[in-house]
Amino acid sequence: MPEPTTTPAAAPETFTFQAEVTQLLDLVINSLYSHKEVFLRELVSNASDALDKLRFRALTEPDLTKDGAPLEIRISADKAAGTVMLEDTGVGMTRDELVKNLGTIAHSGTRGFLETMKQAGKADASLIGQFGVGFYSAYLAADTVEVVSRAAGSDQAFRWTSDAKGSFKVEPAEKAECGTQVILHIKEEQKQFLEEWQLRDLITRYSDFVSYPIKLQQTKKVGTGADAKNELVFEAVNRASALWQRPKNDITEEQHAEFYKHLTHDGDGPLTKIHFTVEGNQVFTALLYIPTHAPMVEMDADRRGVRLFVKRVFIMDDCRELLPPWMRFVRGVVDSDDLPLNVSRETLQDSAVVRTIKKQVVKKVLDALDEMAKERPEEFATFWKAFGVTLKEGLATEWEHRDRLSKLLRYTSTKGEGLVSLEQYVARMPEGQGAIYYVFGESEKALSASPHIEALTKRGYEVLFMTDPIDEWATDSLREFDKKPLVSAMRADLKLSESDDQKKDREANEGKFTGLTKRIGEILGDQIADVRVTDRLTDSPVCLVVQEGEHHAFLEQVLKTHGRAVPASKRTLEVNPSHPLVESLRKLYERDPESTRLTEWVELLHDQALLTEGSKIADPNRFAKRMTELLSQAASAAIV
Ligand code: ADP
């Protein structure tokens, strides 16, 4: 493949598509049958982005728009030639940009799209734009596509042509004004897209809110009587006004859904919308959306973020200064009347105006989530599934919104009644329960069988299941809710209330088991911090508990998987004095403190405790061998 160069070549040059682009095109052409009409929306969206970019650049380079060409999109069909043309007067592309953007540089979303499409039942064209590969949707309707483009500020134009069979061609071309023409050679079986009424219908349905005029070439009768004749004229078919500036009640749900798709390319529609105007010292309007599901390609989808406009002029995509990172799931538009038009990413960082806007935006999003949680719990559960983890980062990293965020937290629990809030948890705490208990591990299934919760559930206490790594940080920073401390059932300092009798029993057991616990300590050596008897367990013989200031096993595993250095932490081994196995070990110890079988079994029990807390065992082979030996003995005993 020839290297792209900056000097224009006179003759056509042929380039090979990047391998993943070829696969993507193959899929678009051969496997996507439904929603073929999305190509128009995607191409209009690209045209609108190109106009935004030109208008933005013209703020600092006024020469770019000095020829006075109107900022608009024109669409026309030529039935005789079998083509549809979309033309914009936007920023255009240089020769190098044509080569890179439309074929040789794979967008990060290309692979994501291919993978999603491979999953059965997901071959849906409407998903294509989400992955930042919307241009290729042109091949849903066309077998050959030409793109003629002249970059703003340049007097040279280039033509990109491809029939999507592995390569594309780029050559010099003639074009009077800056901008881009996309010419679609419509497939034989998609001829309906050449019909004027079809195009008009698609534009009004999908692109009504685009803030530039979309002019469709239409046949109009001009003159009267014998002079009357049909003429082709371009007429705007959309309203071309910023949707967020329209009065709230004038915007239909369909318009919201389409505007959201225009912004995010997410085919599913938003979960909820937040539309407000703030007047006073700072005047701004925001139209924000919360998506229904987490983005499939985090990186690409994040690029969409919240768009910043100043007095209706597009300034930038994904304006991170307007939202804290833990609200990065929010999409939409903020349009400020007070920021200067020449604002840059650097000046945004220390702008008092931006800080005020951000404060209001965070407040409104939290208000909307509160309302959703109270009024529409099912919708909130959908939100929580998609973005709960992101929201929890707010608790772990910032103090400011702690109270509000803590009310939004949801967990599953030993009650098995779906998601529970901390408020609900506290409201149904039985008398005598002084703390909010939780266990922390990989899955609800593993946690529900955890030895650590035995004594709690026996007392009728509910235990929350925490399964996101972020939960450890979030609970550490929250510490308490409604004056009740949050306590991990896996921590060494779990103090359960005990009656006088229970206290007496425990003290007696401590004395009775001193010898055995000391011996276990010797056997396990520096693999553990301490050994002691416990009243935490009922059905299990032993468990490992976490010392103050150390991470839970699950978090350690996650950190290790991510290549983070985790200091080796030691657990305390707790033994259950009422378990028959522990009692037998005690007797064995008293008969022969140096018994090799005692050593073997203690090590086996320690491995077992490691597994139940979610850790890896040091020597799985030795563990398996010991298990086999024990089972063999048990099996031969069983058949005697
Ligand atoms: P996306 O728009 O999500 O980045 P596309 O595949 O639709 O992905 O387009 C790829 C790139 O090609 C765009 O990012 C843009 O730089 C360029 N492009 C596409 N259409 C146009 C256009 N009409 N004018 C200028 N540039 C365009």
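Note that the coordinates shown come from a computational prediction; the quantities given were computed from them, not determined experimentally. (Residues numbered from 1 in each chain as written. Predicted model: local features only at pLDDT ≥ 70, side-chain atom pairs only at ≥ 80, totals over all residues. Heavy atoms only, no water.)

1. Some details on the overall build of the chain
Counting its regular elements, the chain contains 21 helices and 23 strands. Overall, the C-alpha framework of the chain stretches about 120 × 60 × 45 Å when taken along its three principal axes. Burial analysis of the chain (640 residues in total) assigns 51% to the buried set. When contacts within the chain are restricted to residue pairs at least 6 apart in sequence, long-range pairs at least 24 apart make up 71% of them. (Helix = DSSP H or I, 4+ residues; strand = E, 2+ residues; numbered from the N terminus. Buried < 20%, exposed > 50% of the residue type's maximum accessible area, 1.4 Å probe, protein only. Contact = heavy atoms within 4.5 Å.)

2. Points about the nonpolar core
Of all hydrophobic cores here, the largest spans 82 residues; its most connected members are Leu288, Val334, Phe383 and Tyr437. Counting residues per element, this core draws most heavily on helix α9 (residues 352–375), which supplies 11 residues. With residues near it in sequence (within four places) discarded, Tyr437 still touches Tyr425, Leu456, Tyr461, Glu462, Val463, Leu464, Val487, Leu494, Lys495 and Leu496. Counting residues in hydrophobic clusters, the runner-up holds 66 residues, among them Phe15, Leu102, Leu194 and Leu199. (Core = buried A, V, L, I, M, F, W, Y, C linked by side-chain atoms within 4.5 Å.)

3. Notes on the domain arrangement of the chain
Quoted interface sizes are often the accessible area lost when the parts come together. Each domain of the chain was delimited in the assignment, giving domain 1 (13–236), domain 2 (243–375), domain 3 (409–488) and domain 4 (500–639). Taken over C-alpha atoms, the centre of domain 1 sits 27 Å from the centre of domain 2. (Domains from an automatic or database assignment.)

4. Examining the packing of aromatic side chains
Within this structure, the stated rule accounts for 19 aromatic pairs. Here Trp244 and Phe259 contribute two aromatic rings whose centre-to-centre distance is 5.9 Å and whose plane-to-plane angle is 35°, an arrangement assigned as tilted. On the criterion of sequence distance, the pair formed by Trp244 in the loop between β9 (229–236) and α6 (253–264) and Phe259 in helix α6 is long-range, its members being 15 residues apart. With centroids separated by 5.8 Å and ring planes inclined at 80°, the aromatic side chains of Phe276 and Phe284 adopt a geometry described as edge-to-face. (Phe/Tyr/Trp six-rings, centres within 6.5 Å; stacked < 30°, edge-to-face > 60°.)

5. Describing the environment of His35
Tracing the sequence through the fold places His35 in the loop between α1 (19–31) and α2 (38–60). Each C-alpha atom of the pair His35 and Asp63 lies 41 Å from the other, and the pair is 28 residues apart in sequence.

6. A closer look at the pattern of salt bridges
One pass over the structure, following the stated rule, counts 47 salt bridges. In this structure, Glu196 and Arg200 form a salt bridge, with 3.6 Å as the shortest nitrogen-oxygen distance. Of this pair, Glu196 and Arg200 both sit in helix α5 (residues 196–207), four residues apart, which is roughly one turn of that helix. A relative accessible area of 23% means that Glu196 is categorised as partly exposed. For Arg200, a relative accessible area of 31% puts it in the partly exposed group. A salt bridge links Glu574 to Arg536; the shortest N-O distance between them is 2.7 Å. With Glu574 in strand β23 (residues 571–575) and Arg536 in the loop between β21 (528–533) and β22 (542–545), this pair connects stretches of sequence that are 38 residues apart. Each of Glu72, Arg74, Glu87, Glu177 and Lys215 takes part in salt bridges that share partners, so that together they form one network. (Salt bridge = Lys/Arg side-chain N within 4 Å of Asp/Glu carboxyl O.)

7. With respect to the environment of Lys374
Looking at where Lys374 falls in the secondary structure, it is placed in helix α9. Lys374 gets classed as exposed once you look at its relative accessible area, which sits at 65%. It is 53 Å that separates the C-alpha atoms of Lys374 and Glu146, two residues lying 228 residues apart in sequence.

8. Comments concerning the side chain of Ser76
One can find Ser76 in strand β2 (residues 73–78). Apart from residues no more than four positions distant in its own chain, Ser76 is found in contact with Thr83, Val84, Met85, Gln217 and Phe234.

9. As for the packing of helix α19 (residues 580–591) against helix α20 (residues 596–612)
Helix-helix packing: each pair is described by the crossing angle between the helix axes and the interaxial distance. Close contact between α19 and α20 brings their axes to 11 Å; oriented N to C, the two are set at 150°. What the angle tells us is that α19 and α20 run roughly antiparallel. Crossing geometry of α19 relative to α20 is assigned as left-handed. Of the residues in α20, those touching α19 at Leu581, Leu585, Leu588 and Tyr589 are Leu598, Trp601 and Leu605. Grouping the amino acids of the contact of α19 with α20 by side-chain chemistry returns seven nonpolar, no polar and no charged. (Axes fitted to C-alpha atoms, helices over the stretch in contact; angles between N-to-C directions. Parallel < 35°, antiparallel > 145°, perpendicular 65-115°, else oblique. Left-handed = near helix turned anticlockwise from the far one by under 90°. Nonpolar A, V, L, I, M, F, W, Y, C, P; charged D, E, K, R; others polar.)

10. Notes on the sheet that holds β9
Read across the sheet, nine strands follow the order β1-β6-β5-β4-β7-β3-β2-β8-β9 without closing on themselves; strand pairing throughout is mixed. Looking at the sheet topology across the chains shown, the edges are occupied by β1 (13–16) and β9. Neighbour to neighbour, the strand axes of the sheet diverge by 25° on average, direction disregarded. For β2 and strand β8 (residues 214–222), the ladder comprises three bridges, and the chain directions are parallel. In the sheet register, Ile75 faces β8, and the bridge partner there is Leu216. Where helix α3 (residues 95–104) meets the sheet, it contacts β1, β4 (142–150), β5 (157–162) and β6 (167–173), and its direction lies at approximately 160° from that of β6. (Pairing = 2+ DSSP bridges.)

11. Some remarks on the side chain of His401
Looking at the secondary structure, you find His401 in the loop between α10 (377–397) and α11 (402–408). Classification of His401 as buried rests on a relative accessible area of 15%. If sequence neighbours within four positions are ignored, His401 has contacts with Trp326, Val362 and Leu366.

12. What about the pairing of strand β11 (residues 284–291)?
The buried count for β11 comes to eight of eight residues, which makes it a mostly enclosed element. Burial along β11 is two-sided: the face carrying Phe284, Ala286, Leu288 and Ile290 and the face carrying Thr285, Leu287, Tyr289 and Pro291 are both buried. Both strand β10 (residues 270–278) and β11 contribute to a ladder of eight bridges, which runs antiparallel. Across the sheet, Pro270 pairs through a bridge with Pro291, a residue of β11. Here six bridges tie β11 to strand β14 (residues 331–336), and the two strands are oriented antiparallel to one another. Bridge pairing in β14 links Thr285 to Asp335.

13. Some words on the sheet that holds β11
Paired through their backbone hydrogen bonds, the strands of a sheet run either parallel or antiparallel. In space, the five strands of this open sheet follow the order β10-β11-β14-β12-β13, with mixed pairing throughout. The two strands at the open ends of the sheet, each matched to only one other strand, are β10 and β13 (313–316). Taken over all neighbouring pairs, the strand axes of this sheet differ in orientation by 20° on average, direction set aside. Its contacts with the sheet place α2 against β12 (306–310) and β13, and it is angled at close to 85° to β13.

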